[in-house]
Amino acid sequence: MHMENLFLYLAVIALAMTLYLRRQRRRHAADAAELAQAVQGGLAEPATLHPVVDPDRCMGGGSCNKACPEGVLGVVDGKMALKNAAACVGHGACVVACPTEAIRLVFGSEKRGVEIPHISPDFETNVAGIYIAGELGGMGLIRKACEQGRQAIAAIGRQRADTRVDYDVVIVGCGPAGLSAGLSALRHRLRYRIIEQEDSLGGTVYHYPRQKLVMTSPVELDIVGKMKFTEVRKESLLEFWNGVVEQSGLQISFRERMDAVERAGDHFVVRTSCGSHTARAVLLAIGRRGTPRKLEVPGEESPKVAYRLLDAQQYAGQRVLVVGGGDSALEAAIALSETSGTRVTLSYRGEAFSRVKLKNRMRLEQQQRSGRVQVVLGSRVERILANEVELVRDEQVLRVPNDAVIVCAGGLLPTPLLQKIGIRFDTKFGTA
């Protein structure tokens, strides 16, 4: 009887191991297929900060991928690897979760370099008096961006005041780094001005898709104290920040774009779309997405032209042209096509979509087949009129009835402007 029980136990264990190994093989095959699709679609290169796995330390347990809400890591050839680099946002949860310390975060890759500015421990650039915090300095993590903004203002607060200038500091951008810096400026009783080129706060977070889960860690904010969020939806985080601004009395100048920063003796002149401001220090808390790339065509100044899609429902029943060939353009066209009564045209200058996620390409093709989206490849916008848009394809002018235009053509990074100021950059090819 004892031997029968032993055989039974061994049979159960063998069955469990067989099922486990079979499930692992399916998972590993799916991870390898996802990596192959990313390579084929041109999505194997990360945008900025991303994890690199040391194969000698990696045990392939998968705890890192479980900690990542984007699920960008997978087991390939028995070791963890970045299977969906384009979706990685560099929050570093995988580094914390790895039990063998096999993961480190780096900028760029062997094929694609990322330019990172020189900054000191106080986040001052090589140009004395100009500071950088947050995403522009390569740190997109909310907690780290907030801390950098706080430390930069603390360093500025230790300097001698100068009543000859308008402000002690001009803060450019009101994402996590800029908001934290503004609160610190209040605490240190500095004369400050926060300028933001858009009409809303939140920076890159504001442009996340609706209900996106934002990963962060407890953050210490001056005036407010500890922000104890760990996992929070985009909308809740923006609501919290708006409440902080209202309660603290933080002043933000929206729709004011920085055009230039010039040294004038021992201070700076910040030239913006609303005028000029003098300051003894400047904190650049702007994102890497930059200023939206424009089409530079007649009619683009029309109020019906936008450079992002926040809510597809506002375009219900309208004739909308989406311009672009990246994931943001395809996702905008798909979302609009799923809105009642909306007629969507997608214009792209290329002859095919190359650097887009497979699922977006498949969903777009499905919407095309159902007649919900008209795709015009090899076309460019010639002119935007009140009730139509002129497209040019094969030297032929196409007149498309139109009520709204959404341009998803990427952004212009501020690197040339900063280099003109004298800020030095390093190009990182897979290094920290």
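Described below are features of the structure shown in this document. (Residues numbered from 1 in each chain as written. Predicted model: local features only at pLDDT ≥ 70, side-chain atom pairs only at ≥ 80, totals over all residues. Heavy atoms only, no water.)

## Quick notes on the pairing of strand E25 (residues 404–407)
Covered by surrounding structure in E25 are Ala404 and Ile406 together with Val405 and Val407, the residues of both alternating faces. Bridging between strand E18 (residues 305–306) and E25 involves two bridges; their strand directions are parallel. The partner of alanine 306 across the bridge, within E25, is isoleucine 406. Here strand E19 (residues 319–323) pairs with E25 via four bridges, running parallel. Paired with valine 322 across the two strands is isoleucine 406, which belongs to E25. (Buried < 20%, exposed > 50% of the residue type's maximum accessible area, 1.4 Å probe, protein only. Helix = DSSP H or I, 4+ residues; strand = E, 2+ residues; numbered from the N terminus. Pairing = 2+ DSSP bridges.)

## Examining the pattern of salt bridges
For the coordinates displayed, the defined rule picks out 17 salt bridges. Where glutamate 147 meets arginine 150, a salt bridge forms, and the shortest distance between an N and an O atom there is 3.0 Å. Taken together, the residues glutamate 147 and arginine 150, both in helix H4 (residues 142–157) and three residues apart, mark about one turn of the helix. When its relative accessible area of 24% is taken as the criterion, glutamate 147 is described as partly exposed. Shared partners join several salt bridges into a network, and the residues in it are Arg383, Glu388, Glu390 and Arg399. (Salt bridge = Lys/Arg side-chain N within 4 Å of Asp/Glu carboxyl O.)

## Here's the deal with the nonpolar core
Ile153, Val169, Leu179, Trp241, Ile252 and Leu283 are the most contacted members of the largest nonpolar core, which has 35 residues in total. Mapped by element, the contributors of at least two residues to this core are H4, strand E7 (167–172), helix H5 (176–187), strand E8 (192–196), strand E10 (219–221), helix H6 (234–248) and strand E16 (275–284). The biggest single contributor to this core is H4, with seven residues. (Core = buried A, V, L, I, M, F, W, Y, C linked by side-chain atoms within 4.5 Å.)

## A few points about the environment of leucine 417
Along the chain, leucine 417 falls in helix H9 (residues 415–421). Placed 158 residues apart in sequence, leucine 417 and aspartate 259 show a C-alpha to C-alpha distance of 8.3 Å. Setting aside its immediate chain neighbours within four residues, leucine 417 contacts Met258, Asp259 and Ala260. (Contact = heavy atoms within 4.5 Å.)

## Looking at the sheet that holds strand E22 (residues 379–384)
Spatial strand order, E22-E23-E24: three strands in an open sheet with antiparallel pairing. Among the strands making up the open sheet, the edge pair consists of E22 and strand E24 (396–401). Across the sheet, the axes of successive neighbouring strands diverge by a mean angle of 30°, strand direction being ignored. Where E22 and strand E23 (residues 388–393) come together, five bridges link them in antiparallel fashion. Pairing of valine 381 across the sheet is with leucine 391, part of E23. (Axes fitted to C-alpha atoms, helices over the stretch in contact; angles between N-to-C directions.)

## Topic: the packing of aromatic side chains
Counted under the stated rule, the structure contains one aromatic pair. Seen in terms of ring centroids, tyrosine 348 and phenylalanine 353 are 5.4 Å apart; in terms of plane orientation they differ by 15°. Their pairing is stacked. (Phe/Tyr/Trp six-rings, centres within 6.5 Å; stacked < 30°, edge-to-face > 60°.)

## Structural notes on the sheet that holds E25
Taken in spatial order, the five strands of this open sheet run E18-E25-E19-E20-E21, and their pairing is parallel. Looking along the sheet, the strands with just one partner apiece sit at the ends: E18 and strand E21 (373–377).

## A few points about the side chain of arginine 280
The topology assignment puts arginine 280 in strand E16. Arginine 280 sits in the buried class, given a relative accessible area of 8%. Of note is the side chain of arginine 280, whose polar atom sits 3.2 Å from the backbone oxygen of isoleucine 156. Residues contacting arginine 280, with those up to four places away along its chain left out, are Gly129, Ile156, Gln159, Arg160, Ala161, Asp162, Val165, Tyr167, Asp168, Leu190, His267 and Phe268. (Polar contact = N/O pair within 3.5 Å; in protein donor to acceptor, adjacent residues only side chain to side chain.)

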